[in-house]
Amino acid sequence: MPTKEKGEKVEPGIWQHPSGKGYVVEVSYQDHQTGRRVRKWKWIHRIDLAREWRQSQKTDALRDEVRKKKDERPNIKFDKFGREYLEKWSKIKKKATTYVRDGYSVERLKTVFGTRFIGDIKRRDVEDYVAQRLSKGLSPATVNRELCCLKNMMRKAVDWEYIGSNPAWGVKQQKESPPEFGFLLEAEIDSLLQAYTPELRTLATLAIYTGMRRGELFRLEWRNVDFSAGGKRHDHGFGHKK
């Protein structure tokens, strides 16, 4: 519509009609399907409705743009992405032991998600996977390692713009029970100490009766020992009685 036919400009995109009755509203945006510029205009009798219509048109255009960008994301199947994640991220950025563990987790995850596009995986699918693994008798610790691997994979898929959001985000890990350790009986301690050479027997005795770790034993010096107090002074960790 020519500017002279719109009337007097009131604000960006809105003109008062030359007749003085109502308003001419115009909105312009790019059609992301065709790449062409689109112009729309409409006569509206109230300025508040004119503003509302113009804003709604701009919002709809923005939604179409976001939707198109989402549709343009390269979709990739889980098994292929798993190989890419291991080779281009886990192997390079993580410790060797963690990389190996990731490999095991990815193989287990592929049994369920392998042929699916990662963009089609939803949070409900992740929760179903966790429930399925637990129902097969796997320990919470094992399931948590696999879930953690999946979360990291999906986070990297977001970074690499394969998907818009992480479907595993917010899925809670299972509560893990701390491992239980048994204690040696007196007869078992005697048998164990007899198995050591004389050179190592003293070190083993100290470890058994103080609970000191290997590194603490190796760092122990005479200045750490205080015979007047009936024990030793331990400067590297928790105090122990001799």
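Owing to the predicted nature of the structure, the values given are computational and were not obtained by experimental measurement.

Visitor: Hey, could you go over unusual backbone geometry for me, with residue numbers and the actual values?
Guide: Phi at E161 is positive, roughly 65°, even though this residue is not glycine. Within the secondary structure layout, E161 lies in the loop between α6 (140–159) and α7 (186–195). E161 sits in the exposed class, given a relative accessible area of 58%.

Visitor: Before we move on, can you summarise a nonpolar patch on the surface with the specific residues and values?
Guide: A cluster of nonpolar side chains, L184, L192, Y196, L200, L203 and F218, forms an exposed patch at the surface whose accessible area comes to about 540 Å². Residue placement: L200 occurs in helix α8 (residues 198–210). Under the relative-accessibility criterion, L200 is labelled partly exposed at 44%.

Visitor: I'd like to hear about the environment of N75, residue by residue, with values.
Guide: Here N75 lies in the loop between α2 (47–71) and α3 (78–93). We classify N75 as partly exposed; its relative accessible area is 42%. C-alpha separation for the pair N75 and D120, spaced 45 residues apart in sequence, amounts to 9.1 Å. Among residues more than four places away in sequence, those in contact with N75 are F117, I118 and G119.

Visitor: How would you explain the sheet that holds strand β3 (residues 23–30) if you had to name every residue and give the values?
Guide: The sheet built from 4 strands is open, its strands ordered β1-β2-β3-β4 with antiparallel pairing. Bordering the open sheet on either side are β1 (8–11) and β4 (37–44), each of which pairs with just one other strand. Here the strands of the sheet are splayed against their neighbours by 30° on average, with no regard to which way each runs. In terms of strand pairing, β3 meets β4 through 8 bridges, oriented antiparallel. Considered in β4, the bridge of V25 is made with K42.

Visitor: Provide a residue-level description of the pattern of salt bridges, including the pertinent values.
Guide: Tallied over the full model, the rule gives 15 salt bridges. The salt bridge involving D48 is made with R46; its shortest N-O contact spans 2.6 Å. According to the relative accessible area criterion, D48 is partly exposed, its value standing at 37%. Among the ionic pairs, D159 bridges to K156, the shortest N-O distance being 3.3 Å. Residue D159 and its partner K156 are located together in helix α6, separated by 3 residues, close to a single helical turn. The network of salt bridges with common partners includes R108, R133 and E146.

Visitor: Which residues make up the state of the cysteines, and what are the values?
Guide: This model, assessed by the stated rule, comprises 0 disulfides. Residue C148 stays outside any disulfide, its sulfur separated by 7.6 Å from that of C149, the closest cysteine. Under the relative-accessibility criterion, C148 is labelled partly exposed at 33%. A relative accessible area of 2% means that C149 is categorised as buried.

Visitor: Break down the pairing of β1 for me, citing the residues and quoting the values.
Guide: Bridging between β1 and strand β2 (residues 14–16) involves 3 bridges; their strand directions are antiparallel. Residue pairing in the sheet places E8 in a bridge with Q16 of β2. Between β1 and the antiparallel strand that follows it, β2, lie 2 residues; G13 among them carries a positive phi value of about 85°.

Visitor: Let's hear about the packing of aromatic side chains: which residues, and what values?
Guide: Applying the stated rule across the entire model yields 5 aromatic pairs. Measuring from ring centre to ring centre gives 6.5 Å for F81 and Y85, while their planes differ by 35°; the resulting arrangement is tilted. With a gap of 4 residues between them, F81 and Y85 both fall in helix α3, about one helical turn apart. Given the relative accessible area of 0%, Y85 is considered buried. Their ring planes at 75° and their centres at 6.0 Å tell us that F81 and W160 sit as a pair that is edge-to-face. Linking F81 in helix α3 with W160 in the loop between α6 and α7, this pair joins segments that are 79 residues apart in sequence. Relative accessible area serves as the criterion here: at 0%, F81 is assigned to the buried category. Judged by its relative accessible area of 28%, W160 is partly exposed. Site record: aromatic cluster; members linked through ring pairs are F81, Y85, W160 and Y162.

Thresholds applied
Residues numbered from 1 in each chain as written. Predicted model: local features only at pLDDT ≥ 70, side-chain atom pairs only at ≥ 80, totals over all residues. Heavy atoms only, no water. Helix = DSSP H or I, 4+ residues; strand = E, 2+ residues; numbered from the N terminus. Buried < 20%, exposed > 50% of the residue type's maximum accessible area, 1.4 Å probe, protein only. Patch = residues over 30% accessible without salt bridge, like charges linked within 9 Å, V, L, I, M, F, W, Y side chains within 5 Å. Areas by Shrake-Rupley, 256 points an atom, 1.4 Å probe, with all protein chains shown as cover. Salt bridge = Lys/Arg side-chain N within 4 Å of Asp/Glu carboxyl O. Contact = heavy atoms within 4.5 Å. Pairing = 2+ DSSP bridges. Axes fitted to C-alpha atoms, helices over the stretch in contact; angles between N-to-C directions. Disulfide = S-S within 2.5 Å. Phe/Tyr/Trp six-rings, centres within 6.5 Å; stacked < 30°, edge-to-face > 60°.

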